[in-house]
Amino acid sequence: IWTDVLAYVRKNISEVEYKTWLEPVKNLGVQQGSLVLGVRNSFAQEWFRKHYQELLEDALRSLGAQNPQVSFQVLPAAQDALLLPSDPPPPPSVPGAGRAASAPVPTPDDNRKSLNPKYTFENFVVGPNNNLAHAAALAVAESPGKAYNPLFIYGDVGLGKTHLMHAVGHYIAERFPDKRIEYVSTETFTNELINAIREDKTTQFRNRYRSVDLLLVDDIQFLAGKERTQEEFFHTFNALYESHKQIILSSDRPPKDIQTLEGRLRSRFEWGLITDIQSPEFETRVAILKMNAEQGGINIPQDVLELIARQVTSNIRELEGALMRVVAFSSLNNVPFSRMVAAKALSNVFAPQEVKVEMIDVLRQVAAHYGLTPDVVRGSGRAREVVLPRQIAQYLIRDLTDHSLPEIGQFFGRDHSTVMHAINKVGEQIGKDPELRDTVANLRRAMQLEPDTEI
Ligand code: ADP
Ligand code: MG
């Protein structure tokens with residue numbers, strides 16, 4: 001049936017759209033009367049709800065379904081075929097259900113089970129905003145239980161705390177395959193404790209957390225006000241600490257600012273090293289975007305990355321989301337990456353930005369249209385296959401930018417009379433050749449792309 005659904009959808013959307021969005025989807029089967037499809041991250045999930053839900057339900061209807069329902073679920077990172085940024089694996093659908101009670105004791109080779117495979121040191125860009133936290137994490141990874149215990153990392157949301165914790169986990173898992181590593185959010189820890197109490201399995205719960213070699217507890221600020229969980233965590237902490245097991249905690253604020261946290265816990269959190277992560281500087285943001293693009297096998301010009309990095313200044317998750325938008329926008333509209341495309345792609349989310357068309361943008365656009373590189377179009381080749389694109393590029397630059405003929409000439413390494421000749425020639429030919437006229441019109445339109453393609 002899924003093949004039939006896909007065939008139906010394929011007839012109704014463009015091939016690029018199909019390849020970009022529908023092909024990577026995983027069919028997760030029917031659950032409670034709804035066809036569940038796995039998508040790669042929460043951005044894609046939103047996108048599908050907005051753009052494909054109806055179409056997919058139509059498809060099911062056309063295949064005879066009475067009251068078709070389609071829903072989208074974010075796949076855990078391990079199943080993520082694309083390398084674009086994705087969210088960490090979703091929590092178990094029933095919070096904390098039974099893990100403490102029924103899960104077998106992890107065997108050595110799944111000691112990374114609770115870790116997101118992408119959150120490694122290799123994938124962590126170090127900048128002035130996070131270099132202290134990074135150095136501390138690395139020191140802890142190299143000598144767990146000995147360097148700083150606990151390591152307490154704090155900072156605003158989306159700045160890499162979880163990533164850094166997982167990185168330590170991976171590092172230790174690789175060197176010591178038999179170490180037990182447990183990553184848990186404070187929320188999950190709390191839920192599991194509640195379940196354990198209800199099911200009378202607190203002993204198992206304790207054994208589980210007190211037998212790990214590395215305990216990573218995320219968003220510890222959520223302990224605030226939870227007395228029973230604090231009590232339990234206090235004993236877990238002591239047990240691990242006394243046997244020199246490494247503990248890493250993250251929080252959105254330093255221990256002293258966590259309200260209603262028991263004094264004895266607060267002081268323990270301050271025993272080791274407290275380090276923070278700040279918002280990334282411009283250069284770090286660009287470097288993060290560059291790494292993400294490279295990992296996705298996508299080549300995006302530096303000036304485009306810089307434009308994105310200027311738009312999103314604080315949260316790295318949002319920065320990655322912005323990059324995905326630009327990638328999606330460019331592939332759906334079938335236009336190469338340019339600052340105009342990026343500005344348009346982001347204009348619905350951030351303040352619309354007027355971006356002036358530059359010579360290089362036109363050159364790239366024309367080159368991409370003809371399947372050539374910008375350097376070839378700008379080069380000295382005299383074959384008709386490159387001369388025409390070169391002349392069109394000069395014509396459009398004159399049309400879309402404020403540059404003078406000598407400036408355009410300089411850009412192409414030619415004198416202004418050659419450029420004038422090229423421009424006249426294209427102008428003449430457009431009058432005679434309707435196909436060329438369409439080509440030039442389309443190229444011009446691509447660079448003045450209206451934000452009508454909603455993302
Ligand atoms: P936090 O836990 O502080 O809210 P996360 O660790 O979840 O933030 O990071 C949010 C996103 O940003 C993740 O996709 C993460 O991989 C990415 N990220 C954060 N810091 C960096 C960095 N320095 N280099 C590369 N990616 C980063
Ligand atoms: Mg986090």
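Before reading further, recall that the structure is shown in the block above.
Residues numbered from 1 in each chain as written. Chains lettered and ligands numbered in written order. Predicted model: local features only at pLDDT ≥ 70, side-chain atom pairs only at ≥ 80, totals over all residues. Heavy atoms only, no water.

A. Structural context of the sheet that holds strand E6 (residues 214-218). The parallel open sheet is built from five strands, whose spatial order is E5-E6-E7-E4-E8. The open sheet terminates on both sides in strands that have one partner only, identified here as strand E5 (181-185) and strand E8 (273-277). Strand after strand, the sheet turns through a mean of 15° between neighbouring axes, direction not considered. Pairing between E6 and strand E7 (residues 246-251): four bridges, direction parallel. (Pairing = 2+ DSSP bridges. Helix = DSSP H or I, 4+ residues; strand = E, 2+ residues; numbered from the N terminus. Axes fitted to C-alpha atoms, helices over the stretch in contact; angles between N-to-C directions.)

B. Here's a closer look at the sheet that holds strand E3 (residues 70-74). With mixed pairing, three strands are arranged side by side in an open sheet as E1-E2-E3. Each having just a single partner strand, strand E1 (26-31) and E3 make up the two edges of the open sheet. The sheet shows a mean angle of 30° between the axes of neighbouring strands, taken without regard to direction. Here E1 runs beside strand E2 (residues 34-39); their pairing, made up of four bridges, is antiparallel. Residue pairing in the sheet places Gln-31 in a bridge with Ser-34 of E2. Sheet strands in contact with helix H4 (residues 53-62) are E2 and E3, and its direction is about 130° off that of E3. (Contact = heavy atoms within 4.5 Å.)

C. Inspection of helix H8 (residues 186-198) at higher detail. Taking 1.5 Å of rise per residue, the 13 residues of H8 would be expected to cover 18 Å, and the 18 Å separating its terminal C-alpha atoms lies within 8% of that figure. Within the span of H8, buried status applies to Thr-186, Thr-188, Phe-189, Thr-190, Glu-192, Leu-193, Asn-195 and Ala-196. Remark: Asp-200 follows H8 within two positions and exhibits a positive phi of approximately 60°. (Expected span 1.5 Å × (residues − 1). Buried < 20%, exposed > 50% of the residue type's maximum accessible area, 1.4 Å probe, protein only.)

D. Representation of the side chain of Asn-123 in the model. Among the structural elements, Asn-123 can be located in the loop between helix H5 (99-102) and helix H6 (131-142). A relative accessible area of 18% places Asn-123 in the buried class. A distance of 2.6 Å separates polar atoms of two side chains, one belonging to Asn-123 and the other to Gln-295. Setting aside residues up to four positions removed in sequence, Asn-123 forms contacts with Lys-118, His-163, Met-291 and Gln-295. (Polar contact = N/O pair within 3.5 Å; in protein donor to acceptor, adjacent residues only side chain to side chain.)

E. Region of the structure containing unusual backbone geometry. Following Asn-149, the chain continues to Pro-150 via a peptide bond in cis, the omega torsion being -5°. Relative to the elements of secondary structure, Pro-150 occurs in the loop between H6 and strand E4 (151-155). Even without being a glycine, Thr-260 presents a positive backbone phi close to 45°. Mapping Thr-260 onto the fold places it in the loop between E7 and helix H11 (263-269). With a phi angle near 60°, Asn-334 is a residue other than glycine that sits in the positive phi range. The class for Asn-334 is exposed, based on a relative accessible area of 60%.

F. Just the site of ligand 1, in detail. Around ligand 1 lies a shell of 17 residues, among which Val-125, Gly-158, Thr-162, His-163 and Arg-317 are the nearest. Within the contact set of ligand 1, an oxygen atom lies 2.8 Å away from a side-chain nitrogen or oxygen of Lys-161. Within the complex, 95% of the 560 Å² of free accessible area of ligand 1 lies under protein. For the shell around ligand 1, the secondary structure elements donating two or more residues are helix H7 (161-175) and helix H14 (316-333). Class assignment of the residues belonging to the shell around ligand 1 gives a composition of seven nonpolar, six polar and four charged. (Near = heavy atom within 4 Å. Areas by Shrake-Rupley, 256 points an atom, 1.4 Å probe, with all protein chains shown as cover. Nonpolar A, V, L, I, M, F, W, Y, C, P; charged D, E, K, R; others polar.)

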